[in-house]
Amino acid sequence: MKRTRKWIPYLFVAPAVLILVFCSIIPILMAFGISFTNLSMQQLGRWELVSFVGLDNYITIFEDSVFRKSITNTFYYVIIGVPAVILVSFFLAYLLHSGGEKKIFSFFRAVFYSPSVTNMVAISIVWLYLFNPSIGLFNRILNAFGMESILWLNDPDVAKNSLLILSVWKNMGLNMLIFLAALQSVPRELYEASSLDGAGKWKQLVKITLPNIGFSIFFVTVTTLIGWFQYFEEVYVMTEGGPVNSTISMTYYIYRTGFWSSRFGQAAAASVILFLFIMIATLIQLRVQARSDD
């Protein structure tokens, strides 16, 4: 009977482990193996034509200026987008938390969260109109103040920032709810005691709020970082990597190389590089969090 009980926890964990193995670990290992072959669409049914090419795929993609551009763009999205999403999400959560349990604030929670659960295709229809250079709302507002129209998605120097505006708006909702839950878990007694000691709102934020929601900040940072390294939907729906590859991301490069050009080996090599970037960024975050806990 005791031996049977020992296996019960493993039975509960087994489904999650199986999903992780078959949906994550095995595909990662397969992609790593494919990155050293010349696999293409034509060879899927003729495996005898698949051959080992060593590091040729890695050399080829790093010689490709489009791939190098996709790396630059991806890091631009991450460096600008991740802090922007986190700050906007926390600011909204802090304002809603300060408002208490009033019905109007519950309504705003739903409003701010709704973009996160809205289909990207539906969102793109609205935002393509907003970004329209001739009849778009954004340019209408600029013109009303005497400023010239902007080619939001057609100017290579502006297109990346236009996608960032859309992405921050779309991704702030889920992080806002996480921050809101963390803020509600902070004991009110701490704020009451600090108020009696003469602490203002800013000091309470720095000395009480942020230290008590440290793990939530860490969790949101890691998940947001991973999500933005996999930046794809906005590029795919809004610009298809254009104009002149100015908005192409690594994930879109992988998609285009694998499914448009049927160069699965090179696409797998690019995905391995992306995986390494994500792992390095995550390990850095874990190291920083471990030091802060010490």
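Residues numbered from 1 in each chain as written. Predicted model: local features only at pLDDT ≥ 70, side-chain atom pairs only at ≥ 80, totals over all residues. Heavy atoms only, no water.

S.K.: Outline the side chain of N139, listing residues and values.
M.R.: Along the chain, N139 falls in helix α6 (residues 137-144). For N139, a relative accessible area of 1% puts it in the buried group. From its side chain, N139 meets the backbone oxygen of P133 in a polar contact 3.0 Å long. Beyond its immediate chain neighbours, meaning those up to four positions away, N139 contacts N132, P133, S149, I150 and W152. (Helix = DSSP H or I, 4+ residues; strand = E, 2+ residues; numbered from the N terminus. Buried < 20%, exposed > 50% of the residue type's maximum accessible area, 1.4 Å probe, protein only. Polar contact = N/O pair within 3.5 Å; in protein donor to acceptor, adjacent residues only side chain to side chain. Contact = heavy atoms within 4.5 Å.)

S.K.: Lay out a nonpolar patch on the surface in plain terms, naming residues and giving numbers.
M.R.: Nonpolar side chains collect at one region of the surface, where I28, F275, L276, M279, I280, L283, I284, L286 and V288 lie side by side and expose about 780 Å² of accessible area between them. By residue number, the principal contributor to the nonpolar patch is helix α13 (residues 264-293), which donates eight residues. Tracing the backbone shows V288 in helix α13. (Patch = residues over 30% accessible without salt bridge, like charges linked within 9 Å, V, L, I, M, F, W, Y side chains within 5 Å. Areas by Shrake-Rupley, 256 points an atom, 1.4 Å probe, with all protein chains shown as cover. Salt bridge = Lys/Arg side-chain N within 4 Å of Asp/Glu carboxyl O.)

S.K.: An account of the packing of aromatic side chains is needed here, citing residue identities and associated values.
M.R.: Under the counting rule described, the total for this entry stands at 28 aromatic pairs. Aromatic pair Y236 and Y255: ring centres 5.5 Å apart, planes at 85 degrees, arrangement edge-to-face. With Y236 in helix α11 (residues 233-239) and Y255 in helix α12 (residues 250-260), this residue pair connects regions lying 19 residues apart in the sequence. Relative to F259, the ring of Y255 has its centre 5.8 Å away and its plane inclined at 35 degrees; by these criteria the two rings are tilted. One end of the pair, Y255, and the other, F259, are both in helix α12, four residues apart, so they sit about a helical turn from each other. Positioned over the ring face of Y76 is K160, at 5.3 Å from the centre of the ring. (Phe/Tyr/Trp six-rings, centres within 6.5 Å; stacked < 30°, edge-to-face > 60°. Lys NZ or Arg CZ within 6 Å of the ring centre and 35° of its normal.)

S.K.: Quick one: what's the story with the packing of helix α3 (residues 65-98) against helix α10 (residues 214-229), residue by residue and with numbers?
M.R.: Axis separation between α3 and α10 bottoms out at 9 Å; the angle between their running directions is 145 degrees. Considering the relative orientation of α3 and α10, their crossing is right-handed. Across the interface between the two elements, T74, F75, Y77, V78, G81, V82, V85 and I86 from α3 touch V220, T221, T224, L225, W228 and F229 from α10. Broken down by class, the residue content of the contact of α3 with α10 amounts to ten nonpolar, four polar and no charged. (Axes fitted to C-alpha atoms, helices over the stretch in contact; angles between N-to-C directions. Left-handed = near helix turned anticlockwise from the far one by under 90°. Nonpolar A, V, L, I, M, F, W, Y, C, P; charged D, E, K, R; others polar.)

S.K.: Can you tell me about unusual backbone geometry, naming the residues and giving the values?
M.R.: With omega at -5 degrees, the peptide bond leading from G242 into P243 counts as cis. Summarising the element assignment, P243 is placed in the loop between α11 and α12. Even without glycine at this site, E240 takes up a positive phi of about 55 degrees.

S.K.: Describe the layout of surface pockets, naming the residues involved and giving the relevant values.
M.R.: Approximately 570 Å³ is the volume found for the largest pocket. Contributing to the lining of the largest pocket are 23 residues, with I28, A31, S271, V272 and F275 lying nearest its centre. Of all the elements in the fold, those that place two or more residues in the lining of the largest pocket are α1 (2-34), α12 and α13. The leading source of residues in the lining of the largest pocket is α13, at eleven residues. Taken together, the residues of the lining of the largest pocket sort by class into 18 nonpolar, five polar and no charged. Put simply, the second largest pocket is a space of about 370 Å³. Considering the residues around the second largest pocket, the lining is formed by 17 residues, among which N171, T223, T224, G227 and W228 are closest to the centre. Of all elements in the fold, only α7 (156-185), α10 and α11 reach the threshold of two or more residues within the lining of the second largest pocket. Here the residues of the lining of the second largest pocket are counted per class, giving seven nonpolar, seven polar and three charged. (1 Å grid on protein atoms, 1.4 Å probe; cavity = no way out; pocket = protein on both sides within 12 Å on 5 of 7 lines; lining within 4 Å. Points joined across faces, edges and corners; volume = space filled by probe spheres on them.)

S.K.: Talk me through the nonpolar core; I want residue IDs and the actual numbers.
M.R.: Counting residues in hydrophobic clusters, the biggest one holds 59 residues, and the most contacted among them are F67, W228 and M238. Counting residues per element, this core draws most heavily on α3, at twelve residues. Contacts of M238, omitting those with residues within four sequence positions, involve M120, S124, W127, L128, F131, L153, L163 and L166. (Core = buried A, V, L, I, M, F, W, Y, C linked by side-chain atoms within 4.5 Å.)

S.K.: Before we move on, can you summarise the pattern of salt bridges with the specific residues and values?
M.R.: What the rule picks out here adds up to one salt bridge. The salt bridge involving K170 is made with E233; its shortest N-O contact spans 3.9 Å. Of the two residues, K170 sits in helix α7 while E233 sits in helix α11, which places them 63 residues apart along the sequence. For K170, a relative accessible area of 7% corresponds to the buried category.

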